[in-house]
Amino acid sequence: MAGPKSRLLSGHRPTGRLHLGHLEGTLRNWVALQDEYDCLFTIADWHALTDHFEDTSELAATVEEIAIDWIAVGLDPKHSVLFVQSHVPQHAELCLLLSMVTPLSWLERCPTWKDVLAQEDLRDEMRSYGRLGYPVLQAADILAYRADVVPVGRDQLPHLEVTREIARRFNNLYDPVFPEPQGRLGEFPAVPGLDGRKMSKSYNNSIELADSPDTIRQKLRGMFTDPAKLRRGDPGHPDICAVFALHRIYSPPERLSAIEAQCKSGELGCVACKQELAENLITALAPIHERRAELDKNRDHVRQVLGEGAKRAQVAAEETLRIVRKAMKLPAR
Ligand code: TRP
């Protein structure tokens, strides 16, 4: 008989709409892990506030769009718990308690904080207590569920290291409450953006999951290709071309070698090559677009999913908090 599944938690900061980079780098992996683990996925709106606290007018709408994207790509609310961080106040309580046992030096040496300090033009009010404490809040997200596994990108590994240090310190000081959560990196195709750099919201070079077929066609028309190939007939270099990198992900494998050969020979021009990519990408995204459109019409369902997710998360987190308060010998309630 199979034992209970290990618990997995991951999260995403709602700072903008999700794009193909998120789909290939994060979401497909999460979807695949849902069978293997007991999964919780959180939309970390408090984390978004650590640097987006001035204009919060878009925050609630972005959270809802991300929830729609998540369900549309196949995160399944029947199996996984999908919830908004700020709907589960236990994260804040645990963050506060963990902050007491977290030496400042652990946070100050974190590369993400060093990046903040290194930005010379950054206004002082952007260097907030909350931003320094970002890893403690993340530790609280993870430890509130005593999660074992945390799938993240490489940039998040320092935060996981701090999480384990905090867990160890707590376990030594009080009772052994927390497992030491392990990061889980995956192997993913690099997803170049429209300008050939890594696809990223801050470069304004992304194709969003919510983009319509026409928007996709229009965006791809303007995509950068091999700079040495100016017109049809010029030999191209698919290995350095961002358009070909996307063909690799979204075009049928049996077309790839033909595209490669015809680009190199010059027979295939960039305009036609990008048109073909656009149609293949639209086909590949069609199931996501269909589910997105349904969810878009049925926002009550999306809010209900998040409401139920918050309830399930609260029950699990409250169980941990009871153990934590007891371990710390806080006055009984
Ligand atoms: N800091 C993560 C990021 O920027 C998002 C996040 C918040 C997270 N809480 C988490 C990731 C808990 C993993 C576990 O990508």
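Keep in mind it's a predicted model, so treat the numbers as computed, not measured. (Residues numbered from 1 in each chain as written. Predicted model: local features only at pLDDT ≥ 70, side-chain atom pairs only at ≥ 80, totals over all residues. Heavy atoms only, no water.)

**Q** Is there a simple way to explain the domain arrangement of the protein chain in this structure?
**A** By convention, interface size is frequently given as the accessible area that disappears when the constituent parts associate. Domain parsing of the protein chain yields domain 1 (7-190 + 299-327) and domain 2 (201-293). The centre of domain 1, based on its C-alpha atoms, is set 34 Å off from the matching centre of domain 2. Listed by partner, the interface residues are 18 residues for domain 1 and 13 residues for domain 2. Taking both partners together, domain 1 and domain 2 bury about 1,400 Å²; carbon and sulfur atoms supply 61% of that area. Of all residues in domain 1, His19, Leu20 and Ala72 give up the largest surface area on contact with domain 2, accounting jointly for 39% of the area buried on that side. Counting across the domain 1 and domain 2 interface gives two salt bridges. Among the salt bridges present, the one from Glu65 reaches Arg292, with a minimum N-O distance of 2.8 Å. The interface formed by domain 1 and domain 2 includes seven residue pairs in polar contact (both at pLDDT 80 or more). Among the secondary structure elements, those contributing two or more residues to the side of domain 1 that touches domain 2 are helix 1 (20-33) and helix 3 (59-73). Residues of the side of domain 1 that touches domain 2, tallied by class, amount to 10 nonpolar, three polar and five charged. (Domains from an automatic or database assignment. Contact = heavy atoms within 4.5 Å. Buried area = accessible area lost by both parts, 1.4 Å probe. Salt bridge = Lys/Arg side-chain N within 4 Å of Asp/Glu carboxyl O. Polar contact = N/O pair within 3.5 Å; in protein donor to acceptor, adjacent residues only side chain to side chain. Helix = DSSP H or I, 4+ residues; strand = E, 2+ residues; numbered from the N terminus. Nonpolar A, V, L, I, M, F, W, Y, C, P; charged D, E, K, R; others polar.)

**Q** What is the right way to read the pattern of salt bridges from this model?
**A** In this structure the tally under the stated criterion is 28 salt bridges. Across the pair Arg17 and Glu65 runs a salt bridge whose closest N-O atoms are separated by 3.7 Å. Of this pair, Arg17 sits in the loop between strand 1 (7-12) and helix 1 while Glu65 sits in helix 3, and the two are 48 residues apart along the sequence. Arg17 gets classed as partly exposed once you look at its relative accessible area, which sits at 37%. What makes Glu65 buried here is its relative accessible area of 10%. With a shortest N-O distance of 4.0 Å, Arg131 and Asp51 are connected by a salt bridge. One end of the pair, Arg131, is in helix 7 (residues 129-132); the other, Asp51, is in the loop between helix 2 (45-49) and helix 3, and 80 residues separate them in sequence. Residue classification places Arg131 among the buried positions, given a relative accessible area of 16%. (Buried < 20%, exposed > 50% of the residue type's maximum accessible area, 1.4 Å probe, protein only.)

**Q** What's the story with the nonpolar core in this structure? I'm lost.
**A** When a protein is soluble and globular, its nonpolar side chains tend to lie buried together. Counting 53 residues, the largest nonpolar core has Leu20, Leu23, Trp70 and Leu220 as its most contacted members. Split by domain, this core shows at least three residues from each of two domains, domain 1 (7-190 + 299-327) and domain 2 (201-293). Those residues within four positions of Leu23 in sequence are excluded, and the remaining contacts are Arg28, Val73, Leu209, Tyr250, Leu285 and Ile288. The next biggest cluster of nonpolar side chains, apart from the first, holds 43 residues, and it includes Leu40, Leu107, Val136 and Ala139. (Core = buried A, V, L, I, M, F, W, Y, C linked by side-chain atoms within 4.5 Å.)

**Q** Explain the packing of helix 4 (residues 90-100) against helix 14 (residues 299-327) to me, please; I cannot follow it from the model alone.
**A** Think of two packed helices as two axes; the pair is described by the angle between the axes and how far apart they sit. Where helix 4 meets helix 14, the axes come as close as 10 Å, and the angle between the chain directions of the two elements is 25°. Of the possible angle classes, the one that applies to helix 4 and helix 14 is roughly parallel. The chirality of how helix 4 crosses helix 14 is left-handed. Where helix 4 abuts helix 14, its residues Gln90, Glu93, Leu94 and Leu97 lie against Gln314, Ala317, Glu318, Leu321, Val324 and Arg325. When the residues that make up the contact of helix 4 with helix 14 are grouped by side-chain class, the tally is five nonpolar, two polar and three charged. (Axes fitted to C-alpha atoms, helices over the stretch in contact; angles between N-to-C directions. Parallel < 35°, antiparallel > 145°, perpendicular 65-115°, else oblique. Left-handed = near helix turned anticlockwise from the far one by under 90°.)

**Q** Help me out: how do you make sense of the site of the ligand in this one?
**A** As a matter of local geometry, the ligand sits amid 13 residues, with His47, Tyr134, Gln138, Asp141 and Gln156 nearest to it. Between the ligand and Tyr134 there is a distance of 2.6 Å, counted from a nitrogen atom to a side-chain nitrogen or oxygen. Contact between the ligand and Gln156: a nitrogen atom at 2.9 Å from a side-chain N or O atom of the residue. Taken by itself the ligand offers 360 Å² of open surface, and the protein chains cover 89% of this. Only strand 1 and helix 8 (134-143) provide two or more residues apiece to the shell around the ligand. A total of four residues in the shell around the ligand trace back to one element, the largest contributor, which is helix 8. (Near = heavy atom within 4 Å. Areas by Shrake-Rupley, 256 points an atom, 1.4 Å probe, with all protein chains shown as cover.)

**Q** I tried to follow the side chain of His19 on my own but got confused; where do I start?
**A** Tracing the sequence through the fold places His19 in the loop between strand 1 and helix 1. Judged by relative accessible area, His19 falls into the buried class, the value being 4%. A polar contact is formed between the side chain of His19 and the backbone nitrogen of Gly21, at a distance of 3.0 Å. Not counting residues within four places of it along the chain, the set of residues in contact with His19 comprises Met199, Ser200, Lys201, Ser206, Ile207, Glu208 and Leu209.

**Q** Which parts of the structure should I look at to understand the environment of Tyr37?
**A** Along the chain, the position of Tyr37 falls in the loop between helix 1 and strand 2 (38-43). It is 9.3 Å that separates the C-alpha atoms of Tyr37 and Leu9, two residues lying 28 residues apart in sequence. When residues no more than four places from it in sequence are discounted, the contact partners of Tyr37 are Lys5, Ser6, Leu8, Val149 and Arg184. Only 3.4 Å separates the side chain of Tyr37 from the side chain of Glu36, close enough to count as a polar contact.

**Q** Honestly, unusual backbone geometry in this entry has me stumped. Any pointers?
**A** Excluding glycine, residues mostly carry a negative phi; peptide bonds, for their part, are mostly trans. A positive phi angle, near 55°, is found at Asn204, a position not held by glycine. Along the chain, Asn204 turns up in the loop between strand 5 (182-184) and helix 10 (213-221). With relative accessibility at 70%, the residue Asn204 sits in the exposed group. In the Ramachandran plot, Lys329 falls in the positive-phi region, its phi being about 55° despite a non-glycine side chain. Of note, Lys329 is situated in the segment after helix 14.

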